[in-house]
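# Chain and residue survey
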Amino acid sequence: MAGRHSQEIGVMALPSNHRLKPEELRWRCDPDSLGFETTAELGQLQEPIGQERAMAALDFGVRIPSDGYNVFVLGPVGTGRTTMARGVLSEHAKGQPPPGDWCYVHNFSDPRKPRAVQLGPGIGREFKQDVDGLIEDLEQQVTAAFESEEYTEQRDELLKDFRQAQATELEAFEKKAGEAGFGLGRGPSGLVVVPAVDGEVMTPQQYGELPEEKRKELDKRREELQEELAELIRRGQRKEKAARESVKELDRQVVRCATEHLIDELCQKYCKNEKVRQHLEQMKQDVVDNVAAFRDSDQQPPIPLAALMGTSRTPLKRYEVNVLVSHEDDEQGAPVVYEVNPTIDNLTGQIEHQTQMGALITDFSMIKPGALHQANGGYLLAEAEAVLRRPFAWEALKRCLKNNEIRIESLQDQLRWISTVSLEPEPIPLQVKVVLIGTPLLYHLLYTYDEDFRKLFKVKADFSTFINRRDDVVEQYAQFVAERCKSEGLPHFSAPAVAKVVEHAARMAGDREKLTTRFVDVCNLIREAGYWARQNSESTDLVKPEDIQYAIDQQVWRSNRIEEVLLQMIEEGTLLVDTDGEQVGQVNGLSLLPVGDYVIGRASRITCRTFLGRAGVVQIDREAKLTGPIHDKGVMILSGFLGQRFATGFPLSFAASIVFEQSYEGVEGDSAASAELFAMLSSLADLPIKQGIAVTGSVNQHGLIQPVGGVTRKVEGFFDTCKIEGLTGNQGVIIPQGNVRNLMLRDDVVEAVEEGKFHVWAIGSADEGIEILTGVPAGEPDEEGSYPPETVNARVQAQLAEYAELSKKFARPTEEEEERCEHQ
């Protein structure tokens, strides 16, 4: 279509049939509908705001008694998921009886395996005090018994008989040896028989002077006497052993008489607890068997290191009680434990050690509880990501839930290369509801890749980022503001100020029919508005709408430095964005640029050039590998749209080169698909596009414009760009019709629309958009599929038909080529 620039085409003025009215650009909350003047008049918030589905799931999860019905709370950070979960657990815990206490005691059969004992709530500490008192009484009673005259007399009597008998036998043997010419001497190995003369031991010289026969006779007799002496000594040792056993039996009788009634009293008190009764019976026998522990408790020799592992550090300590978890009588309800650092030790407990004589020692009294012990019989709350980040914590938690028991494991045990002897405490039965908190991504990853997860966490409490805006929800929002003011000592809010907060909640939700549930952000706005209200007016005790707006403006100002840099680059001409005039094949597309806590609405120049070829639609950013799959899909849809609409009678024989100008980062999403389509239609039809109008929206193969995200920030971003050169009244943004409900524009944008300086159009099809951008009717096809002359679609169809014809011409061989082929 040569010479199309010179043709006169009827251009329409800016259409008004798709232009939005100022009241359609945002929702306003009527302060009079709130029913109060200040938040000081409002009562306490009685229930969480929204999240009915998640709250019902939480309630179901904590009530159902079956195994595996633990809860995973999923939702973005800031939605109040942790606060609400703790509130639900605390409320349920109030109506339940407190669980029993757990203690560890010494295992007299195998000291390496301490025994776990369960008692009633608050009884654990009482049992420990009773045992501590018992140990003190035992020590006093045994000491007094051994210091008594009666015991001393009985012990001396036993020893006296033994000593007298031993002395008599030795005296008789010495007399017999003397008569035979021998005496008794002391050698390295004890008493020995030696030759004697007149009662004096014979010297070696005297012995050597004796005749040989005499020496042989003496040696023979000495051996006989030495053997008799040895037998005498062995008999004496046996008698000494018997005497010691008699003394020990006396000691046991004394200890038994002194202590048995004390332990029996304690057994009687705890007779209903079989484990406690067995432990006390074993203690009674151990006290009798270890008398020395009481007699010499103040002067104990060092204990061998081998005996220290798995045994008590001092003999009497093995009778003590280690209260692992205790619930006092006045404690109301089941425990609710929030573990902020869920390491394997903090979850399952740990066994501490002390250094003694260069070695690590431990015993049952050094067993410390974990969060599962403390939450046993109640509820445990933890961050899922924190559990997964701690080595071995996730696997240990799953083992406890699968086996319904708490087996103390430590990180040292998991990483130990050399097998060492340590304690193996008896596992404690586990009955707990675990509530994990995490993101939706983490939940779905665990559900997909961890088979145990779906068996152990069968309840999903899904927290949404928004709730439907209803009158009762708005009322709850007002109560929430009042509660924050009272709890944090902030000035109260006027009704218009609360209305402003609710409007901003709708803006954060990205939908005027919904409100955000990111209460962290709402709380921040309430605090900051209260601060600025006091800063800007010394005597104020009320937050007003202008304080809310100032707080919002300050939040933006603290975060939008990069946005200001981009606008400055546009003003300086470094970034090329036209906001006035007309250009063929060029349109302003809108995109979002997230920078941490702030999202920039950014205008980008999109250009398209069309020419004869067979390459179809070529996206330069895609060829440079700067685009994502969703954007690539949107570009591919353009070929389908063109083929379905214009190429039903001939093949598409063109090439289109599309690019985001001055784009050096990745491009993802399909919100620019409509802008790319309009640039291509403009190039094919050789019709200029108004550069004061920007476009956002995706498109399908039928040419229908589909909703996209972030329209509010995109409109505001282009509005700020237009303000650089000044608003002309011909500028605006085209958005999908389905995004009208998402608009919550700033007041200055709405004011500019009211004054006719800026416009927002909502379209449902590509035809409506191209008419606004070019001012030329799109054209409707007749029965034969032809479009009215000088319409956009007619010009595009004519150009594509011309390309198809030219393609045939270049594909047909010349006469010379035909003759050459025939000759060959």
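For every chain, the first residue of the written sequence is number 1, and numbering continues from 1 onward in sequence order. Since the coordinates come from a predicted model, pLDDT governs what is reported: local features require at least 70, and pairs of side-chain atoms require 80 or more to be given and counted, while whole-chain, interface and lining totals use all residues. Each side-chain value is worked out from all heavy atoms of the structure, with water and hydrogens disregarded.

Attention now goes to the overall build of the protein chain. Helix and strand assignments follow DSSP, with helices taken as H or I runs no shorter than four residues and strands as E runs no shorter than two, numbered in order from the N terminus. Looking only at helices and strands, one finds 29 helices and 32 strands in the protein chain. Here, residues are in contact when the closest pair of their heavy atoms is within 4.5 Å. Long-range contacts, defined here as pairs at least 24 residues apart, represent 77% of the contacts in the protein chain between residues at least 6 apart. Only carbon and sulfur atoms are counted for the fraction: they give 49% of the accessible area of the protein chain, which is about 41,700 Å². Using the Shrake-Rupley algorithm and a 1.4 Å probe, accessible areas are obtained, with residue cover drawn only from the displayed protein chains.

Time to look at the nonpolar core. A general trend in soluble globular proteins is that nonpolar side chains are found buried together. Only buried residues count toward a nonpolar core, which is a set of Ala, Val, Leu, Ile, Met, Phe, Trp, Tyr and Cys residues joined through side-chain atoms within 4.5 Å. Per-residue accessibility, obtained with a 1.4 Å probe over protein chains only, is compared with the maximum for each type, and a residue is labelled buried under 20%, exposed over 50%, and partly exposed between these values. Residues Leu58, Val73, Tyr477, Phe493, Leu515 and Ile548 are the most contacted members of the largest nonpolar core, which totals 60 residues. Excluding its chain neighbours within four sequence positions, the residues that come into contact with phenylalanine 493 are Glu37, Thr38, Thr39, Val481, Cys485, Val498, Val501, Ile526, Ala529, Leu542, Val543 and Ile548. Ile606, Val635, Phe650 and Trp761 belong to the second largest nonpolar core, which has 48 residues in total.

Another aspect to go through is the side chain of histidine 759. Here histidine 759 shows up in strand β32 (residues 759-763). Histidine 759 sits in the buried class, given a relative accessible area of 6%. A polar side-chain atom of histidine 759 sits 2.6 Å from the main-chain carbonyl oxygen of glycine 729. What qualifies as a polar contact is a pair of N or O atoms within 3.5 Å, subject to a donor-acceptor requirement within protein and to the restriction that residues adjacent in sequence count only when both atoms come from side chains.

A separate point is the sheet that holds strand β2 (residues 101-105). Following DSSP output, two strands are said to pair if at least two bridges run between them. Ordered by their spatial adjacency, three strands build an open sheet running β3-β2-β7, and the pairing between neighbours is antiparallel. Two strands in the sheet have a free side with no partner beyond their single neighbour: β3 (115-119) and β7 (321-325). Strand after strand, the sheet turns through a mean of 30° between neighbouring axes, direction not considered. Judged from the five bridges that link them, β2 and β3 form a sheet pairing that is antiparallel. Axis angles are defined between N-to-C directions and span 0 to 180 degrees, where every axis is a line fitted to C-alpha atoms and, for a helix, only to the segment in contact.

Whether a set of points on the 1 Å grid over the protein atoms alone is a cavity depends on a 1.4 Å probe fitting there but being unable to get out, while an open set qualifies as a pocket with protein on both sides within 12 Å along at least five of seven lines; lining residues are those with an atom within 4 Å of a point. Grid points are joined across faces, edges and corners, and a volume is the space filled by probe spheres set on the points. The calculated volume of the largest pocket comes to roughly 1,500 Å³. His504, Arg507, Val556, Tyr598 and Arg713 are, among the 48 residues lining the largest pocket, the residues nearest its centre. The element that contributes the greatest number of residues to the lining of the largest pocket is helix α20 (residues 545-559), accounting for eight residues. Computed from the structure, the second largest pocket encloses a volume of approximately 720 Å³. Lining the second largest pocket we find 26 residues, and of these Pro48, Gly80, Thr82, Thr83 and Met84 sit closest to its centre. Put simply, the parts of the chain that give the lining of the second largest pocket at least two residues each are α1 (52-63), α2 (81-94), α17 (471-488) and α19 (519-536). Residue contributions to the lining of the second largest pocket peak at eight residues, all from α2. The nonpolar class holds Ala, Val, Leu, Ile, Met, Phe, Trp, Tyr, Cys and Pro. Asp, Glu, Lys and Arg form the charged class, and all remaining residues, Gly among them, are polar. Of the residues in the lining of the second largest pocket, the class split is eleven nonpolar, eight polar and seven charged.

Now for empty space enclosed by the protein. All told, the structure shown has one cavity of 30 Å³ or more when counted by the stated rule. Put simply, the largest cavity is a space of about 170 Å³. Together, 18 residues line the largest cavity, and Ile570, Leu575, Val577, Arg602 and Ala603 are the ones closest to its centre. If you list the elements that add at least two residues to the lining of the largest cavity, you get α21 (561-572), β24 (598-612) and α25 (711-725). Ranked by residues supplied to the lining of the largest cavity, first place goes to β24 with six residues. Residues of the lining of the largest cavity, tallied by class, amount to eight nonpolar, six polar and four charged.

Any helix carries an expected span of 1.5 Å times its number of residues minus one. If you check helix α24 (residues 673-685), its first and last C-alpha atoms are 18 Å apart, about what 13 residues at 1.5 Å a residue would give, namely 18 Å. For α24, the buried fraction is high: 13 of the 13 residues fall into the buried class. Directly beyond the C-terminal end of α24, a positive phi value near 55° is found at aspartate 686.

Without other data, these values stay purely geometric and don't point to any function.
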